[in-house]
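# Coordinates in review
Residues per chain, in single letters:
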Amino acid sequence: MVTYKSDFLKELSARGYLRQCTDEAALDKLACDEIITAYIGFDCTAPSLHVGSLIGIMMLRKLQQAGHRPIVLMGGGTTRVGDPSGKDETRQLLTDEKIAANMAGIRQVFDRFLTFGDGPTDAIMVDNADWLDELNYIAFLRDYGRHFTINRMLAFDSVKSRLDREHSLTFLEFNYMILQAYDFLELNRRLGCRLQMGGSDQWGNIINGVELARRVDSAEVFGLTTELLTTSSGAKMGKTAAGAVWLNSDMLSVYDYWQFWRNSEDADVGRFLRLFTELPLDEIAKLEKLEGSELNEAKKILATEATALMHGRAQAEAASETARQTFEEGQTAQGLPSVEVSKAELEAGMGLLTALVQAGLAQSNGEARRHIKAGAAKVNDKPAKDERGQLTLDDLNEDGVVKLSIGKKRHALLHLT
RNA sequence: GGAGGGGUGCCUGAGUGGUUAAAAGGGACGGGCUGUAAACCCGUUGGCUAUGCCUACGUUGGUUCGAAUCCAACUCCCUCCA
C-alpha cells in the first residue's frame, strides 16, 4: 500500500475505500497543498438512493472532514439520457416530473452526511440539467464530440458488455459517457472542481472526463474510484427480501435498515465497519478479531453505528433495542415495522393472507399461501397452518397488536387505527 | 438495400403442434443445521374471489379441436455482403 501524506487519502486508504486513481501522487500532493473541490454524480432513477451509493456518500463526507469541498451533482440532465453501465436493457425513459420527484427524494439524505453552505469547505449541490439542457447540438459536437473516438468508446465496458451480450444500446445511451465527461469539464470551469469520485463501474466515465478537461482546457483533474459494494461471497449487495436497501426511511424502515447491517456476513464485518462507520480504526481492529458467535456483538455495533449515521443515533438505538427484544427475549417489540388496520376490519375477520400482504411480508396472496404451506408463517409467534385463517379481535395480544412473522427474521405488527 | 440466424419466466438457457405455467442452472425466498453468519442438505419460485379462472414464450393477425411451437405482416437484435 502506498503511503499518503494528505489526511484525505490517508483516511480513505486506511479504511479501504480506494480502488483506482488516475494519479495518486499528484492528487496526494494537491490535497496537502490546497482545498480540493471534488464531486460525485447521482442519477435520479429512483425516489431514493440505496446502500450501493453509500460508499460514495461516505467518501464525500471524508472529503469534507479532511478540509475539502464536496459537490453533490444531481443528474437531472443525465438521468434523461440513462447510464448504460451495468444495465442489460435500455432504461425506461423517465418523465421529467418523475425525475424531479426522484431528485427531491434523493436530496434528503445528503444533509445527514454533509454540511452545506457558502463557506470554503461547505458542500454544494448542483444539477447538471443547468448546463446540459441548454447545449446546442452542433456546437457541442464540434467543440467536444471531436475529442471522442468511437474506437475508444466501443472499448468501454459499459458499451462492450451490451454489445457482447447482443443487447441493444441506443445512440441516446451511447452519449451518456460524453455528457458525464462534459459534466466534469463544466464543474471544473464553474467551481474549480479537480476530482471526480465514484464506484469502480464509473471508472470509464470518469477517465473520459479527465481526458476531456485535459484536451479542451489543458486542466489537470483527477479521478478516483472505490470498490463496488459486494459481500464476501461475491454477491452484489443491496438487496433484501423486500427489495433494495433504500436509504430513505419512507422506502425502508429504520429497523429494516439496521437489520440489513446486522445480517452482514462474518467476513464482511471488519470491512464494513471501516467503510460505513466512523469508529476509530484500532477499535475496529479489536472488534473484527472476535471469533465465532462473539462476532455478533461486532455486527450489532456495525448496525447501530451505520444506522446512526443515516438516521440519527436515537433511531438507531431504538432499532437496536427492538431487535434485542425480538431476537434475544422473544418478545413482541413495539418498534417492529407496523401497519394499521381499522377495528371494523378486524372485527369482521381479516384474511390471514391479506394481512401478510398488507404487512409487507409477502408480495402476493400466492406467496403468503406458500409461506403458510411451508410452515414459515406465524401469528403471535404461533405457527399459522391454515391458509384460510382469519384474524379477529381475539388475536390482539395484551399490547393490542397482532404480531405476524415470516421465517425467523421477518416480523411486522398490525396496529389498530 | 441483399442473405442468413435469432427475440422464452428475475437472469442464463432448453423446448419445434397436445401430458407446457414451460427442462436445467443461477439468483431469490422458506425449512433444517447454526450465531439473526458462512458452507451444506431439503423445499418453494406468474396472478386470482381457486377442485376453477385469468395472464404469459417480441407485436398483431391467421391456420387448427388444440400453438411458445405452423403461416403472414410488423418490429427489434446478431452475423455476413453492399
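Heads up: the structure comes first, above all this text.
Throughout what follows, the structure given in this document is the object of discussion. None of these values were measured; they are calculated from a predicted model.

### Here we look at the overall build of chain A
Helices and strands together make up the secondary structure of chain A, namely 19 helices and 15 strands. Against the 2.2 N^0.38 benchmark of 22 Å for 417 residues, chain A shows a C-alpha radius of gyration of 24 Å, consistent with a compact globule. When each of the 417 residues of chain A is scored for burial, the buried share is 50%. A sequence separation of at least 24 residues applies to 73% of the contacts in chain A between residues at least 6 apart. Of the roughly 19600 Å² of accessible surface on chain A, 48% is carried by carbon and sulfur atoms. Counting 48 positive and 60 negative side-chain charges, chain A places the averaged centre of each group 3 Å from the other.

### A look at the protein's contact with RNA strand B
The immediate surroundings of RNA strand B are formed by 31 residues, with Asn-263, Asp-266, Arg-369, Gly-407 and Lys-408 found nearest. At the protein interface, 61% of the atoms of RNA strand B within 4 Å belong to sugar or phosphate. One of the side-chain N or O atoms of Ser-364 is found 2.8 Å from a phosphate oxygen in RNA strand B. At 3.3 Å from a sugar or linking oxygen of RNA strand B is found a side-chain nitrogen or oxygen belonging to His-371. Only helix H12 (254-262), helix H15 (295-311), helix H16 (313-328) and helix H19 (365-373) provide two or more residues apiece to the surface near RNA strand B. By residue number, the principal contributor to the surface near RNA strand B is H19, which donates five residues. Of the residues that constitute the surface near RNA strand B, the class distribution is seven nonpolar, 13 polar and 11 charged.

### Quick look at the sheet that holds strand S9 (residues 338-341)
In space, the five strands of this open sheet follow the order S9-S15-S14-S11-S12, with mixed pairing throughout. The open sheet terminates on both sides in strands that have one partner only, identified here as S9 and strand S12 (382-383).

### Some details on the nonpolar core
Side chains of a nonpolar character, in soluble globular proteins, are inclined to be buried together. Core analysis: the biggest nonpolar cluster contains 68 residues, and Phe-110 and Trp-261 have the highest contact counts within it. Core analysis: the second largest hydrophobic core is formed by 30 residues, Ile-71, Leu-73, Leu-179 and Tyr-182 among them.

### Considerations on the sheet that holds strand S1 (residues 18-21)
What the six strands build is an open sheet, ordered S1-S6-S5-S2-S3-S4; its pairing is mixed. Of all strands in the sheet, those bounded by a partner on one side alone are S1 and strand S4 (124-127). Adjacent strand axes in the sheet meet at a mean angle of 25° when their direction is disregarded. Relative to strand S6 (residues 222-226), strand S5 (residues 195-199) is paired through five bridges, and the arrangement is parallel. Of the residues in S6, the one forming a bridge with Gln-196 is Gly-223. Along the sheet, helix H2 (residues 24-33) makes contact with S1, S5 and S6, crossing S6 at roughly 105°.

### Re the packing of helix H1 (residues 7-14) against helix H3 (residues 51-65)
It is the contact of H1 with H3, at a shortest axis distance of 9 Å, that shows an interaxial angle of 145°. Note that H1 runs across H3; the crossing there is right-handed. On H3, the residues that touch Phe-8, Glu-11 and Leu-12 of H1 are Met-59, Lys-62 and Leu-63. Taken together, the residues of the contact of H1 with H3 break down into four nonpolar, no polar and two charged.

### Digging into helix H10 (residues 176-191)
Between the first and last C-alpha of H10 there are 22 Å, a value that for 16 residues agrees with the 22 Å anticipated at 1.5 Å per step. The element H10 is extensively covered by neighbouring structure, given that 13 of its 16 residues are classed as buried. A positive phi of about 70° marks Gly-192, the residue just after H10.

### Digging into the packing of aromatic side chains
Scanning the entire structure with this criterion turns up 10 aromatic pairs. Considering the side-chain rings of Trp-261 and Phe-272, the 5.7 Å spacing of their centres and the 90° angle between planes classify their relative orientation as edge-to-face. On the criterion of sequence distance, the pair formed by Trp-261 in helix H12 and Phe-272 in helix H13 (residues 269-276) is long-range, its members being 11 residues apart. Side by side, Trp-261 and Phe-272 carry an identical accessibility label, which is buried. One aromatic cluster is present, built from ring pairs that chain together Tyr-257, Phe-260, Trp-261, Phe-272 and Phe-276.

### Focus: H2
Restricting attention to buried positions, one finds in H2 the residues Leu-27, Asp-28, Leu-30 and Ala-31. One side of H2 holds all its buried residues, which, seen down the axis, span an arc of 160°. Counted as exposed and oriented over 90 degrees from the buried face of H2: Ala-25, Lys-29 and Asp-33. Structurally, H2 contributes buried residues whose contacts are with H1, S1, S5 and S6.

### Things to note about the environment of Ile-35
Within the secondary structure layout, Ile-35 lies in the loop between H2 and strand S2 (37-43). By relative accessible area, Ile-35 is classed as partly exposed at 42%. In this structure the C-alpha to C-alpha distance between Ile-35 and Arg-194, which are 159 residues apart in sequence, comes to 9.9 Å.

What counts and what doesn't
- Residues numbered from 1 in each chain as written.
- Chains lettered and ligands numbered in written order.
- Predicted model: local features only at pLDDT ≥ 70, side-chain atom pairs only at ≥ 80, totals over all residues.
- Heavy atoms only, no water.
- Helix = DSSP H or I, 4+ residues; strand = E, 2+ residues; numbered from the N terminus.
- Rg over C-alpha atoms; globule rule 2.2 N^0.38 Å.
- Buried < 20%, exposed > 50% of the residue type's maximum accessible area, 1.4 Å probe, protein only.
- Contact = heavy atoms within 4.5 Å.
- Areas by Shrake-Rupley, 256 points an atom, 1.4 Å probe, with all protein chains shown as cover.
- Lys, Arg positive; Asp, Glu negative; His and termini not counted.
- Charge placed at Lys NZ, Arg CZ, Asp CG, Glu CD.
- Near = heavy atom within 4 Å.
- Polar contact = N/O pair within 3.5 Å; in protein donor to acceptor, adjacent residues only side chain to side chain.
- Nonpolar A, V, L, I, M, F, W, Y, C, P; charged D, E, K, R; others polar.
- Pairing = 2+ DSSP bridges.
- Core = buried A, V, L, I, M, F, W, Y, C linked by side-chain atoms within 4.5 Å.
- Axes fitted to C-alpha atoms, helices over the stretch in contact; angles between N-to-C directions.
- Left-handed = near helix turned anticlockwise from the far one by under 90°.
- Expected span 1.5 Å × (residues − 1).
- Phe/Tyr/Trp six-rings, centres within 6.5 Å; stacked < 30°, edge-to-face > 60°.
- Arc of directions from axis to C-beta.

Read these as spatial facts, not as claims about activity.
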